[in-house]
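Listed below, chain by chain, are the residues.
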Amino acid sequence: MAAKVYIVYYSMYGHVAKLAEEIQKGASSIEGVEAKLWQVPETLSEEVLGKMGAPSKTEVPVITPNDLAEADGILFGFPTRFGMMCAQMKAFFDATGGLWREQKLTGKPAGIFYSTGTQGGGQETTPLTAITQLTHHGMLFVPVGYTFGAKMFEMENVKAGSPYGSGTFAGDGTRWPTTVELEQAFHQGQYFSGIAKKLKSSSA
């Protein structure tokens, strides 16, 4: 049976969604892995989203906390709000208390990817603080480390992402993930899924 990798994200303007799509491609490139995209529920009203200039949501299905228990590995993606994960993703994690009580996520591999507005806007603090959510569930954090190779040391051009996971800079909203950022996202999906597949096989 294929290893199920869920890519669960929140994206207001589409930057994180773009990373998620590339991660799915990377994950799906591993034989024996089934990668699926999910969105977490929105907490803002349509009126507020309209005033913020947010585009309409995509057709990616909305996940419920109980759906997480079906995954063999989960990658969580979100934009930064003041150096930490956005409220929508935090609200979703807050709703996983039932899974925590029953230890449904314990031992499952998990990874993180993210978007920030600026270079000093939380590329490290966002994933670092998000790890607390995974820790309380007993999940196995799988960082990218430096497995992306030489491109981790890109200095000629602005590049987001880190050993924690892939990332992008949104700037004022007009900057989109660069080729290198998308390549790291693809790599993260591929690398993470290989580990999720091995863990599933070893526990079978």
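Because the structure is predicted, anything quoted here is derived from the model rather than measured. (Residues numbered from 1 in each chain as written. Predicted model: local features only at pLDDT ≥ 70, side-chain atom pairs only at ≥ 80, totals over all residues. Heavy atoms only, no water.)

Q: Residues and numbers for the overall build of the chain, please.
A: Secondary structure summary: the chain contains six helices and seven strands in total. In sequence order, the chain lays out its α and β elements as β-α-β-α-β-β-α-α-β-α-β-β-α. Compactness check: the chain gives a C-alpha radius of gyration of 16 Å against a globular reference of 17 Å for 204 residues, within 12% of the reference. Considered along the principal axes of its C-alpha atoms, the chain spans approximately 45 × 40 × 30 Å. Residues counted as buried form 48% of the 204 residues belonging to the chain. Contacts spanning at least 24 positions in sequence make up 75% of the contacts within the chain whose residues lie at least 6 apart. Accessible surface computed for the chain: about 9,900 Å², of which carbon and sulfur atoms make up 57%. (Helix = DSSP H or I, 4+ residues; strand = E, 2+ residues; numbered from the N terminus. Rg over C-alpha atoms; globule rule 2.2 N^0.38 Å. Buried < 20%, exposed > 50% of the residue type's maximum accessible area, 1.4 Å probe, protein only. Contact = heavy atoms within 4.5 Å. Areas by Shrake-Rupley, 256 points an atom, 1.4 Å probe, with all protein chains shown as cover.)

Q: Lay out the UniProt feature "domain: Flavodoxin-like" (unreviewed entry) in the chain in plain terms, naming residues and giving numbers.
A: Within this numbering scheme, the UniProt entry marks residues 5–192 as carrying the feature "domain: Flavodoxin-like" (unreviewed entry). Structurally, residues 5–192 comprises 31% helix and 19% strand, and the distance from its first C-alpha atom to its last is 9 Å. (UniProt positions renumbered as here; feature names shortened; annotations may be inferred.)

Q: Describe the packing of aromatic side chains, with residues and values.
A: Under the counting rule described, the total for this entry stands at four aromatic pairs. Ring geometry for Phe 92 against Phe 93: centres 6.5 Å apart, planes inclined by 65°, an arrangement best described as edge-to-face. The class for Phe 92 is buried, based on a relative accessible area of 4%. Accessibility expressed as a relative area gives 7% for Phe 93, which makes it buried. Geometrically, the ring pair formed by Tyr 146 and Phe 153 is stacked, given 5.5 Å between the ring centres and 25° between the ring planes. (Phe/Tyr/Trp six-rings, centres within 6.5 Å; stacked < 30°, edge-to-face > 60°.)

Q: Tell me about the layout of surface pockets, and name the residues and values.
A: The volume enclosed by the largest pocket comes to roughly 180 Å³. As for the largest pocket, its lining consists of 17 residues, and the residues nearest its centre are Tyr 13, His 15, Pro 79, Arg 81 and Ala 170. Of all the elements in the fold, those that place two or more residues in the lining of the largest pocket are α1 (15–28), β3 (73–81) and β5 (109–116). For the lining of the largest pocket, the leading source of residues is β3, giving three residues. Of the residues in the lining of the largest pocket, the class split is six nonpolar, nine polar and two charged. Considering only enclosed or pocket space, the second largest pocket measures out at about 150 Å³ in volume. Lining the second largest pocket are Gln 123, Tyr 146, Met 152, Glu 154, Lys 159, Ala 160, Gly 161, Ser 162, Pro 163 and Phe 169. (1 Å grid on protein atoms, 1.4 Å probe; cavity = no way out; pocket = protein on both sides within 12 Å on 5 of 7 lines; lining within 4 Å. Points joined across faces, edges and corners; volume = space filled by probe spheres on them. Nonpolar A, V, L, I, M, F, W, Y, C, P; charged D, E, K, R; others polar.)

Q: Got a sec to walk through the pattern of salt bridges? Specific residues and values, please.
A: In this structure the tally under the stated criterion is eight salt bridges. A salt bridge links Lys 104 to Glu 102; its shortest N-O distance comes to 3.9 Å. Taking the relative accessible area as the measure of exposure, Lys 104 reaches 42% and is therefore partly exposed. Glu 102 sits in the exposed class, given a relative accessible area of 56%. (Salt bridge = Lys/Arg side-chain N within 4 Å of Asp/Glu carboxyl O.)

Q: Tell me what's going on with the nonpolar core, and back it up with residues and numbers.
A: Counting residues in hydrophobic clusters, the biggest one holds 29 residues, and the most contacted among them are Val 8, Ile 63, Leu 68, Ile 74, Phe 76, Phe 78 and Met 89. At the level of secondary structure, the elements contributing two or more residues to this core comprise β1 (3–9), β3, α3 (87–94), β5 and α5 (125–136). Residue contacts for Ile 74: discarding those within four places in its chain leaves Tyr 6, Val 8, Leu 68, Pro 109, Ala 110, Gly 111, Met 139 and Phe 192. Among the nonpolar cores identified, the runner-up in size contains 22 residues, and Ala 3, Val 5, Ala 20 and Leu 37 belong to it. (Core = buried A, V, L, I, M, F, W, Y, C linked by side-chain atoms within 4.5 Å.)

Q: Any details on unusual backbone geometry? Residues and values, ideally.
A: Even without being glycine, Phe 82 reaches a positive phi, approximately 55°. Here Phe 82 shows up in the loop between β3 and β4 (84–85). Its relative accessible area of 87% is what places Phe 82 among the exposed residues.

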